[in-house]
Amino acid sequence: MMEEFKIRLGFENGGNLPVIHISGEITSEAEEEIVQSYESIPQDKRVRVILNFSETSYINSAGIATLISLITKSSENQGKIEFAGLNTHFRKVMDIVGLTDFVLIHDSLHSALAQV
């Protein structure tokens with residue numbers, strides 16, 4: 001059974017740290033919403049953006065391609081994308097495709113927010 005994809009953009013740490021909360025399945029259908037969420041963040045707040053995967057149930061190759069394009073876009077603008085809340089399986093997938101070389105991975109959103 002497919003879980004509905006949902007995305008919510010929030011600002012933590014006094015409104016200075018953008019967090020994109022992703023739940024459900026990350027497939028090609030999710031690409032536009034993820035990119036739009038990122039692009040809706042004011043340029044001066046894109047220095048550090050956290051993607052929270054704690055409610056993500058599935059990701060396929062199209063979803064990984066979306067994450068790669070987001071990481072590329074961010075680094076071209078001297079920004080950083082960080083991942084939080086990856087379960088063991090997703091962490092292993094990110095390792096296999098090499099994303100862990102380009103993003104900082106936090107065990108939880110809480111630990112990501114604690115780092116300044």
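The coordinates are above.
Residue positions are counted from 1 within each chain, in the order its sequence is given. Per-residue local features are limited, in this predicted model, to residues with pLDDT of at least 70; the limit for side-chain atom pairs, both in listing and counting, is 80 or more; totals at the level of whole chains, interfaces and linings are taken over all residues. Side-chain numbers come from the whole structure's heavy atoms, not from hydrogens or water.

> Let's hear about the side chain of His106: which residues, and what values?
Residue position: His106 is located in strand E5 (residues 104-106). For His106, a relative accessible area of 4% corresponds to the buried category. When checking whether two residues touch, look at their non-hydrogen atoms; a contact exists if any pair is within 4.5 Å. Setting aside its immediate chain neighbours within four residues, His106 contacts Arg48, Glu82, Phe83, Ala84, Gly85, Arg91, Ser111, Ala112 and Gln115. In this text, helices come from DSSP runs of H or I with a minimum length of four residues, and strands from runs of E with a minimum of two, each type numbered from the N-terminal end. Throughout, exposure labels follow a simple rule: accessible area from a 1.4 Å probe, protein chains only, divided by the maximum for the residue type, with under 20% read as buried, over 50% as exposed, and the rest as partly exposed.

> Describe the environment of Gln78, with residues and values.
Summarising the element assignment, Gln78 is placed in the loop between helix H2 (61-76) and strand E4 (80-84). In this structure, the C-alpha to C-alpha distance between Gln78 and Arg48, residues 30 residues apart in sequence, is 9.3 Å.

> Hey, could you go over the nonpolar core for me, with residue numbers and the actual values?
Ranked by internal contacts, the top residues of the largest apolar core, which has 26 residues, are Ile81 and Phe83. Among all residues touching Phe83, those that are not within four sequence positions of it are Leu51, Phe53, Leu67, Ile71, Met94, Leu99, Val103, Leu104, Ile105 and His106. Counting residues in hydrophobic clusters, the runner-up holds 7 residues, among them Val19, Ala84, Leu109 and Leu113. Residues grouped as a nonpolar core are buried Ala, Val, Leu, Ile, Met, Phe, Trp, Tyr and Cys residues, joined through side-chain atoms within 4.5 Å.

> Can you break down the packing of helix H1 (residues 31-39) against H2 residue by residue, with the values?
In contact at an axis separation of 10 Å, H1 and H2 are set at 20 degrees when each is read in the N-to-C sense. Here H2 runs roughly parallel to H1, going by the angle between their axes. Here the hand of the crossing between H1 and H2 comes out right-handed. Note on element contacts: H2 touches H1 through Thr66, Leu70, Lys73 and Ser74, opposite Glu31, Ile34, Val35, Tyr38 and Glu39. By the convention adopted, Pro, Cys, Tyr, Trp, Phe, Met, Ile, Leu, Val and Ala count as nonpolar, Lys, Arg, Asp and Glu as charged, and the other residues, Gly among them, as polar. Here the residues of the contact of H1 with H2 are counted per class, giving 4 nonpolar, 2 polar and 3 charged. Note on definitions: angles span 0 to 180 degrees between N-to-C directions of axes, and those axes are lines fitted to C-alpha atoms, for helices only across the stretch in contact. Working rule for angles: under 35 degrees goes down as roughly parallel, over 145 as roughly antiparallel, 65 to 115 as roughly perpendicular, anything else as oblique. Handedness of each helix crossing follows the sense of rotation of the near helix against the far helix: counterclockwise by less than a right angle gives left-handed, clockwise gives right-handed.

> Run through the pattern of salt bridges, naming residues and quoting values.
In what follows, salt bridge is the name for a side-chain nitrogen of Lys or Arg lying within 4 Å of a carboxyl oxygen of Asp or Glu. According to the stated counting rule, one finds 3 salt bridges in the structure shown. Here Arg48 ties to Glu82 by a salt bridge, and the two come within 2.7 Å at their closest N and O atoms. Of this pair, Arg48 sits in strand E3 (residues 48-59) while Glu82 is found in strand E4, placing the two residues 34 residues apart along the sequence. A single burial state applies to Arg48 and to Glu82, both of which are buried. Close ionic contact of Arg91 with Asp107 constitutes a salt bridge, the shortest N to O distance being 2.8 Å. Taken together, the residues Arg91 in helix H3 (residues 88-96) and Asp107 in the loop between E5 and helix H4 (109-114) connect sequence positions 16 residues apart. For Arg91, a relative accessible area of 29% gives the class partly exposed. A relative accessible area of 63% places Asp107 in the exposed class.

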